[in-house]
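Each chain, written out:
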Amino acid sequence: MPAISPDAESAQPSARPGLDRAEDHVHSPDRAARPAPQRDQQVLVEAGELLRALAAPVRIAIVLQLRTAERCVHELVDALDVAQPLISQHLRVLKSAGVVHGERHGREVVYRLVDEHLAHIVVDAVAHAEEISGARSRGPAARSIEPDGGQETETA
């Protein structure tokens, strides 16, 4: 693929006029642009791995179950109506990601969340998904931009 010179790139028509170059971007006058603090790259990698570990419906359901109480595998199987081997497989993923901790009690292993932050992540994601799903089930909403503040409003 041939290299594109900066001059050639700016000569091509834009699908979004005025927004492709940083110098063309203008913030709203009432909004102060504040850069977010930079995070250590390793922290971002670990956060991504955590989110990947949580990115399965059964694992989300497990975290929601463990949020209310410690559970052993057969309790999770009964509560979620999922086969025991599948629950065990998902628990291994969650355990290796540091989301759950298992403690042996006789013949059973009782699982608990490692920390409450993890429950908040899942609860917030589920709440957001419920909001989105509710908005979709109400049908397409009419959207309008209010002239006074540029706020987008939704009308049903």
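Residues numbered from 1 in each chain as written. Predicted model: local features only at pLDDT ≥ 70, side-chain atom pairs only at ≥ 80, totals over all residues. Heavy atoms only, no water.

Visitor: Looking at this structure, I do not really get the overall build of the protein chain. What am I missing?
Guide: The helix and strand inventory of the protein chain stands at six helices and five strands. For the protein chain, the succession of helices and strands along the chain, N to C, is α-α-α-β-α-α-β-β-α-β-β. Burial status across the protein chain gives 20% buried among its 156 residues. When contacts within the protein chain are restricted to residue pairs at least 6 apart in sequence, those whose partners lie at least 24 apart make up 44%. Within the structure as shown, the protein chain displays about 12100 Å² of accessible surface, and the carbon and sulfur contribution to it stands at 54%. (Helix = DSSP H or I, 4+ residues; strand = E, 2+ residues; numbered from the N terminus. Buried < 20%, exposed > 50% of the residue type's maximum accessible area, 1.4 Å probe, protein only. Contact = heavy atoms within 4.5 Å. Areas by Shrake-Rupley, 256 points an atom, 1.4 Å probe, with all protein chains shown as cover.)

Visitor: In this structure, what is going on with the packing of helix α3 (residues 57-68) against helix α6 (residues 116-137)? I would like to understand it.
Guide: Packed helices, taken two at a time, are described by their axes: the angle between them and the distance between them. α6 packs onto α3 with a crossing angle of 120 degrees between their chain directions and a minimal axis gap of 10 Å. The angle between α3 and α6 falls in the class oblique. The chirality of how α3 crosses α6 is left-handed. Contacts from Ile 60, Val 63, Leu 64 and Arg 67 in α3 reach Leu 118, Ala 119, Val 122, Val 123 and Val 126 in α6. (Axes fitted to C-alpha atoms, helices over the stretch in contact; angles between N-to-C directions. Parallel < 35°, antiparallel > 145°, perpendicular 65-115°, else oblique. Left-handed = near helix turned anticlockwise from the far one by under 90°.)

Visitor: Could you clarify how one ought to interpret the packing of helix α4 (residues 73-80) against helix α5 (residues 84-96) in this entry?
Guide: Following both chains from N to C, one finds α4 and α5 inclined at 115 degrees, their axes separated by 9 Å at the closest point. Our classification of the angle between α4 and α5 gives roughly perpendicular. Crossing geometry of α4 relative to α5 is assigned as right-handed. Of the residues in α5, those touching α4 at Val 73, Leu 76, Val 77 and Leu 80 are Gln 84, Ile 87, Ser 88 and Leu 91. Along the lines of polarity and charge, the residues of the contact of α4 with α5 split into six nonpolar, two polar and no charged. (Nonpolar A, V, L, I, M, F, W, Y, C, P; charged D, E, K, R; others polar.)

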